[in-house]
Amino acid sequence: MAFQAPPGHPAQVAALITSAFASFTLTIDPPDADLKAPVLKHNGKTIEGMSHTLAYVAKEGSNSLVKEETAGQVALLLGVAEDVEQASRAWVEPSASDAADEAREFSRQTITAHLDTLETLAAGKSVLAGSQPTAADAALAAVLQPLLASVLGAAERAKYPELLRWFTGFAQLPECTKVMGAPALCGAADGWVAPAVKGGAKKDKKKKGGEGASAQQDGQPAAAGQQEELDPEKAAKKAAKLAEKAAKNAKFAAKQAAAEAKAAEAKKGDGKEDKKASAKADAEAKKKAEAEEVAMLIAAANATPKGARKEVTPDNMCKTYHPKLVEATWYEWWEECGYFKPDPKSTKPPFVIVIPPPNVTGALHIGHALTNSIQDTIVRWRRMSGYNTLWVPGTDHAGIATQTVVEKKLQREQGVTRHQLGRDTFLGEVWKWVAQYGSRICDQLRRIGSSVDWSRQAFTMDDNLSRAVLEAFVRMYEQGIIYRDNRLVNWCCRLKTAVSDIEVDYIDVPRRTMLSVPGYEQPVEFGVLTSFAYPLEDGSGEIVVATTRPETMLGDTAVAVHPEDPRYSAMHGKFVVHPVNGRRIPIICDAELVDMSFGTGAVKVTPAHDPNDFTTGKRHNLEFINIFDDNGLINDNGSQFKGQPRFKTRVEIVEFLKEKGLFRGTADNAMRLGLCSRSKDVIEPVLKPQWWVNCKDMAAKSCQAVRDGTLEIIPKEFEPVWFRWLENIRDWCISRQLWWGHRIPAYYVVLEDEGAGQGGNPGMPSEDMSRWVVGRSEEEARARAAEKYPGRPFRLVQDDDVLDTWFSSGLFPFSVFRWPEQNEDLAAFYPGALLETGHDILFFWVARMVMMGIQLTGQVPFKQVYLHAMVRDAHGRKMSKSLGNVIDPLHVIEGISLEGLHETLLGGNLEGKEVERAKAGQKADFPEGIEECGTDALRFALVAYTTQARDINLDIKRVVAYRHWCNKLWNAIRFAMMNLPADFVPASDEEIDASLPSFPLPSQWILSRLNGAVAAVVKALEEYDFATATQRLYAFWQYDLCDVFIELMKPVMARDETEPGAAAAKASTRNTLWVCLETGLRLLHPFMPFVTEELWQRLPKRAGGPSVPSIMLADYPSPSAARDNSQLEKDFDFATTVITRTRKLRSDYGLVKQKPHLYVACTDEGKHQVLTALSSEVATLTTSSEVSVLPPGTSAPSGCSVGIVDDSTTLHMLLKGILDPALEIQKLQKKVAEVEGRIDGMKRKMALPTYDKTPDNVKADDKERMSKAEAELSAAHAAIADFQKLLQ
């Protein structure tokens, strides 16, 4: 098994530790700087990513670390480790020196949020999940090590005493020490130590040990056992081959061992196979029966009349959580009851948010799921917190995307083009398509629980919104902001339309490169500088120019030289002759365009096809010659090249120049290539008359709004990006050469009393831009034309183009309220409170909304902008169909088999090889398909992931873990149903607070913990800190309520009612349980709406209180000072430390069901009192028959094992009568003999004369096995010594 990681990646340390605990042989390959994530190769499998590789090692070892009961928690903690590792890159070398200050600050916040959670989790524990070390412990220790060693100063570390205690204890285990060495701590007194300025890196790289040597010099211990970088390259290749060979041998040996074991079992016989078969059949029958029961319950739920409330009773509560059953019918009921609508007469403060309108062509993708999960969480929280909430849904007409889809459909089904149909007929077909498919995305938004007011659903082509678009264009034209000009546009030949600057993606082409271009069968060459000569008109010589686009020489109208370049001083004012058409081309002087030191110092000028040449042409009044038509073919100006595709002409032009003897060679040339973000075609700068928006003044006002606090951008790291983009904004081309969209309300005036062609043609080079008039209707435009040309006969021709889709989207926050009409909705709900969206459309949409809102309404359209991260796969890769890593939210919600995933790749645009590659990617990531997780688990996972910076690496295993957590919630309510009588009526808050001092201590403690969780979650939501909110929610339900309180209340509920105080204890415990469950569900509802509604409906309700039909209308919890009990929480923290140490002691002696008597000696009076008060709780949580806190000076009875808690507290576990020490010693002695035999065998092997020739990786494996065996032997001897003490 070969493991490889990027340089300095902590996964290597974590993998070595995990393999040591799991008894798994691991070969470490040299670090590879080209890797993006750790990689593990084993038995033909390739596993990527820290979580996946560690989980694999933990599972596959002979001492498997995977336990069913802790699998979910381990998966979550591995996700935390990955989050911390990614954030640490801004603080820990080798990448920290390159991090920007903004990124580093954001990473600090991310790390701090996780450290706070881990501090709570680590309290009193020696391992973080279960009772034995897991891959999660190894991963977190590895990622925290560099932070503790070089980043976190002493004062900062002091904030996390429990976490530091866990880390120190875990790091001192033999399996860790041999990998990590002795834990080192940062020597700084306080704060976070930022990395030093980059320098000397090259020098360090040459030192032995590479990355490790550098890390040690920085005070960061290098991982022991880590392979040194092998140099030269041949050594690395050799090591890889040896590792591959060793892996094959190990695989063969494993197969042989398995075959031998199977044969041995077969020889034993005794009906074992029959018993196994019978047990398997019983299990399958039981599973089938449960599935049938669930299916019946789901069918019954789905039979609920649409919009009616689902019947929930104790009788129809399934034994386990099933998403399909839980989520059935609730949404329809909420919508039917009008719970999503605001109250127009409400006096509550408004909270208004508009949905980022998805494309009407679209289907739900993971980005939509993230956006709507966050938005719905916010909206539900605000609704429950007393706000009059309005979340406006809508869809965007998506001009280019929708027109393309319908055009392809018509071509496929009818064999016609839009031009054959005509504009009106084609638009009729588009409207039919929208009517048929336009609601699909909205129905899918319902699936994820979006509580939008569907009665206000908007579509950007609706009459109201179209009226707003018309008004906005006319007003902005009248204000001089919209204007007509003949300028260069970004032309997409594939889509046959102009696109805006931010719809162009740029790629770097470092050298001569062949790239695929849409519409071309053969790849096209880029990254090449072609030189050719223009002959001087007077025959006195030539001038050599160079270009990366030879085809554009057909449109050259000048050659520019620097006025101070002595090489060309004699050519000033002369002409060259164009070799294709004989055109005279002037040689001009231009110091702004020409760099004398680059190339020949002479530059060809093509004003109609290059931005720099365009401005040069304007300065020198040059001719502008367009050589392309809208399809990217050479037009009439191309002479014999007319009709050729542009990139074919590129090749033909070079051949032509060679024939003419004018070709002077080629050279590699790094360049940036602009691609259309939609079609991926190469953008062509083309001169066209278009409508433009002058953005300068609007952009300045938008910057000022952020600077003066009128608009807040969250996270703040995006403020510099906002300023940088808006302060350098260029004018916005809003013309699109489409039919589907808002047709531009501009009309060209054709005077009928002038000769043919005198007035020019609109949209063509001959256009007279002064002929345009703008109006809200043709009548208004006609009146303006008559005023402009009094007494002259004319006709109007409306512009064929439509507006950029983002123009109408920019009006969305106020057009949905029927602007420009002044009405109650606009007054009540505009401006909005918040705009939540992905940072990728900060400038596509957000900036345009702010600019247009300020310009047209005088107000910013919302007070805050919250930008969430982008979703990538578990390995950090961008989601792509060709990689097979695209995650459909509905597949996560409903589950899908691997075969089903494969089927999603068919019928698309992928080629055969890409389909196979994608299938392989799906098989690697989802070998068993995707388990059904349900909406709630997906939502909670996505919101919890917002701790990461700009990217979310979505691991489906983490979603699955939250689905299992939903089952934990389900079981908690089932437990309540069993322990709350049918006639139980919960006490009021006032009654509980009044009698709280008399409640059992566990009840007082859990109510204090609940109160702290409420305060923390509310604070986190106010700050949009979703990571902290989800972490505190999870911690309360999982660790405080389920793991502790419910366990502690079981003996209380088992007491006999006749016992003194038993009835009161039971009553207060029942009320406490109800409060925790009811409050906890309300606290959780915004994140998990379906399961919380289902469970809340099943809880008994208080008498005499306000009747609230749904949890979504209930009040959101608020903290109560009366329930705070910080001292009791500290007491429980100490008791938890004792519990954890006791569990470790039990584990050491292999106790499972036995209940020994536990004696505790405590010399600290305060701790003595705490343990005396909580002795029964300690007994319950440690499975002890009794806990006796020894009076001062009293000794524990003989026959006890001893465990040290701290300097004043010692545990004595009575094992006499529980275990037979003599028998245990016999077992251990057998183990000692077996281990000593292994050690002797390895020593003999290592002593052989030929051992020196053994490959290094095999020696490393042998050394590791020897080390492990010696540690095993030492532990066995120590256990024997402990048992011998029990015999004394």
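Criteria and cut-off values
Residues numbered from 1 in each chain as written. Predicted model: local features only at pLDDT ≥ 70, side-chain atom pairs only at ≥ 80, totals over all residues. Heavy atoms only, no water. Pairing = 2+ DSSP bridges. Helix = DSSP H or I, 4+ residues; strand = E, 2+ residues; numbered from the N terminus. Axes fitted to C-alpha atoms, helices over the stretch in contact; angles between N-to-C directions. Phe/Tyr/Trp six-rings, centres within 6.5 Å; stacked < 30°, edge-to-face > 60°. Buried < 20%, exposed > 50% of the residue type's maximum accessible area, 1.4 Å probe, protein only. Lys NZ or Arg CZ within 6 Å of the ring centre and 35° of its normal. Core = buried A, V, L, I, M, F, W, Y, C linked by side-chain atoms within 4.5 Å. Contact = heavy atoms within 4.5 Å. Right-handed = clockwise from strand over helix to strand, strands pointing away. Parallel < 35°, antiparallel > 145°, perpendicular 65-115°, else oblique. Nonpolar A, V, L, I, M, F, W, Y, C, P; charged D, E, K, R; others polar. Salt bridge = Lys/Arg side-chain N within 4 Å of Asp/Glu carboxyl O. Expected span 1.5 Å × (residues − 1). Polar contact = N/O pair within 3.5 Å; in protein donor to acceptor, adjacent residues only side chain to side chain.

Draft legend 1. Broad picture of the sheet that holds strand β17 (residues 575–577). Read across the sheet, 4 strands follow the order β17-β18-β16-β19 without closing on themselves; strand pairing throughout is mixed. The open sheet has two edge strands with one neighbour each: β17 and β19 (602–605). Ignoring which end each strand starts from, the neighbouring axes of this sheet average 30 degrees apart. Pairing analysis gives 3 bridges linking β17 to strand β18 (residues 584–589), with the strands arranged antiparallel. When the bridges of β18 are listed, Phe 575 appears paired with Pro 586.

Draft legend 2. Geometry of the packing of aromatic side chains. What the rule picks out here adds up to 41 aromatic pairs. For the ring pair Phe 21 and Phe 170, a centre distance of 5.8 Å and an interplane angle of 25 degrees mean the geometry is stacked. Taken together, the positions of Phe 21 in helix α1 (residues 11–22) and Phe 170 in helix α7 (residues 161–171) put the pair 149 residues apart, joining distant regions of the chain. Comparing Phe 21 with Phe 170 shows no difference in burial state: the two are buried. Taken together through their ring pairs, the aromatic side chains of Phe 940, Tyr 962, Trp 965, Tyr 1034, Tyr 1039 and Phe 1087 make up a single cluster. Residue placement shows Lys 658 over the ring face of Phe 663; its charged tip is 5.0 Å from the ring centre. Cation over ring: Arg 848 sits above Trp 732, and NZ or CZ is 4.1 Å from the ring centre.

Draft legend 3. Just the nonpolar core, in detail. Counting residues in each nonpolar core, the largest one holds 223 residues, and the members touching the most others are Trp 166 and Trp 1037. Considering each element in turn, this core owes the most residues, 16 residues, to helix α37 (residues 1026–1053). Those residues in contact with Trp 1037, other than ones at most four positions away along the chain, are Trp 965, Leu 969, Ala 972, Cys 1042, Leu 1077, Gly 1080, Leu 1081 and Leu 1084. Residues Val 706, Trp 732, Phe 807 and Leu 842 belong to the second largest nonpolar core, which totals 68 residues.

Draft legend 4. Local environment of the environment of Arg 1032. Mapping Arg 1032 onto the fold places it in helix α37. On the accessibility criterion, Arg 1032 (27% relative accessible area) is partly exposed. With residues near it in sequence (within four places) discarded, Arg 1032 still touches Gly 1012, Ala 1013, Ala 1016 and Val 1017.

Draft legend 5. Expanded view of the pairing of strand β5 (residues 350–354). Among the 5 residues of β5, 4 are classified as buried, and the element is accordingly described as predominantly covered. Pairing analysis gives 5 bridges linking β5 to strand β6 (residues 388–392), with the strands arranged parallel. Bridging from a neighbouring strand, Phe 351 pairs with Thr 389 of β6. Read as a crossover between parallel neighbours, the route from β5 over helix α15 (residues 366–384) to β6 is right-handed.

Draft legend 6. Inspection of unusual backbone geometry at higher detail. Here the amide bond leading from Ile 714 into Pro 715 is cis, since omega sits at 0 degrees, within 30 degrees of zero. For Pro 715, the position within the fold is in the loop between β23 (712–714) and α24 (719–727). With an omega of 15 degrees, the peptide bond running from Trp 819 to Pro 820 counts as cis. With respect to the helices, strands and loops of the structure, Pro 820 is situated in the loop between α27 (812–815) and α28 (824–829). Positive phi is not limited to glycine here, since Lys 680 has a value of about 65 degrees. In the Ramachandran plot, Tyr 1024 falls in the positive-phi region, its phi being about 55 degrees despite a non-glycine side chain. Within the fold, Tyr 1024 resides in the loop between α36 (1001–1022) and α37. Under the relative-accessibility criterion, Tyr 1024 is labelled buried at 5%.

Draft legend 7. Representation of the packing of helix α34 (residues 956–979) against helix α39 (residues 1089–1098) in the model. Where α34 meets α39, the closest approach of the two axes is 10 Å, and the angle between their N-to-C directions is 5 degrees. For the element pair α34 / α39, the angle class is roughly parallel. Seen from α34, the contacting residues are Leu 969, Trp 970, Ile 973 and Met 977; seen from α39, they are Glu 1094, Leu 1095 and Arg 1098. Class assignment of the residues belonging to the contact of α34 with α39 gives a composition of 5 nonpolar, no polar and 2 charged.

Draft legend 8. Examining the sheet that holds strand β9 (residues 482–492) more closely. Spatially, β10-β9-β22-β24 is the arrangement adopted by the 4 strands of the open sheet, whose pairing is antiparallel. Strands with a single pairing partner mark the edges of an open sheet, and in this sheet they are β10 (497–499) and β24 (732–733). Where strand β22 (residues 684–693) meets β24, 2 bridges bridge the pair, whose relative direction is antiparallel. When the bridges of β24 are listed, Val 693 appears paired with Trp 732.

Draft legend 9. Inspection of the pairing of strand β15 (residues 542–547) at higher detail. Where strand β14 (residues 528–535) meets β15, 6 bridges bridge the pair, whose relative direction is antiparallel. Of the residues in β15, the one forming a bridge with Ala 533 is Val 544.

Draft legend 10. Representation of the pattern of salt bridges. This model, assessed by the stated rule, comprises 79 salt bridges. In this structure, Arg 423 and Asp 800 form a salt bridge, with 3.7 Å as the shortest nitrogen-oxygen distance. Taken together, the positions of Arg 423 in helix α18 (residues 423–437) and Asp 800 in the loop between β28 (794–798) and β29 (802–803) put the pair 377 residues apart, joining distant regions of the chain. Residue classification places Arg 423 among the buried residues on the basis of a relative accessible area of 14%. Residue classification places Asp 800 among the partly exposed positions, given a relative accessible area of 47%. With its nearest N and O atoms 3.2 Å apart, the salt bridge here joins Arg 1238 to Glu 1272. A residue pair is termed long-range when its members are at least 10 positions apart, and Arg 1238 in helix α43 (residues 1221–1247) and Glu 1272 in helix α44 (residues 1256–1287) qualify at 34 residues.

Draft legend 11. Representation of the environment of Arg 664 within the structure. Tracing the backbone through its elements, the reader meets Arg 664 in strand β20 (residues 663–668). The exposure class of Arg 664 is partly exposed, given its relative accessible area of 37%. When the C-alpha positions of Arg 664 and Val 544 are compared, they lie 7.9 Å apart, and in sequence the two are 120 residues distant. Arg 664 has contacts with Ser 531, Phe 532, Ala 533, Glu 542 and Val 544, leaving out every residue within four places of it along the chain.

Draft legend 12. Broad picture of α1. Taking 1.5 Å of rise per residue, the 12 residues of α1 would be expected to cover 16 Å, and the 16 Å separating its terminal C-alpha atoms lies within 8% of that figure. A large share of α1 lies buried, amounting to 12 of its 12 residues. Of the residues making up α1, those classed as buried are Ala 11, Gln 12, Val 13, Ala 14, Ala 15, Leu 16, Ile 17, Thr 18, Ser 19, Ala 20, Phe 21 and Ala 22.

Draft legend 13. Here's a closer look at the packing of α24 against helix α29 (residues 842–857). At a minimum axis separation of 12 Å, α24 and α29 run at an interaxial angle of 75 degrees. On the basis of the axis angle, α24 is roughly perpendicular to α29. On α29, the residues touching Val 721, Trp 722, Trp 725 and Leu 726 of α24 are Leu 842, Phe 843, Val 846, Ala 847, Val 850 and Met 851. Among the residues forming the contact of α24 with α29, the class breakdown is 10 nonpolar, no polar and no charged.

Draft legend 14. Molecular detail of the side chain of Thr 1092. Within the fold, Thr 1092 resides in helix α39. The exposure class assigned to Thr 1092 is buried, which follows from its relative accessible area of 0%. Reaching out from Thr 1092, the side chain makes a polar contact with the backbone oxygen of Pro 1089 at a distance of 3.1 Å. Setting aside anything within four residues of it in sequence, one finds Thr 1092 in contact with Leu 1081, Leu 1084, His 1085 and Ile 1111.

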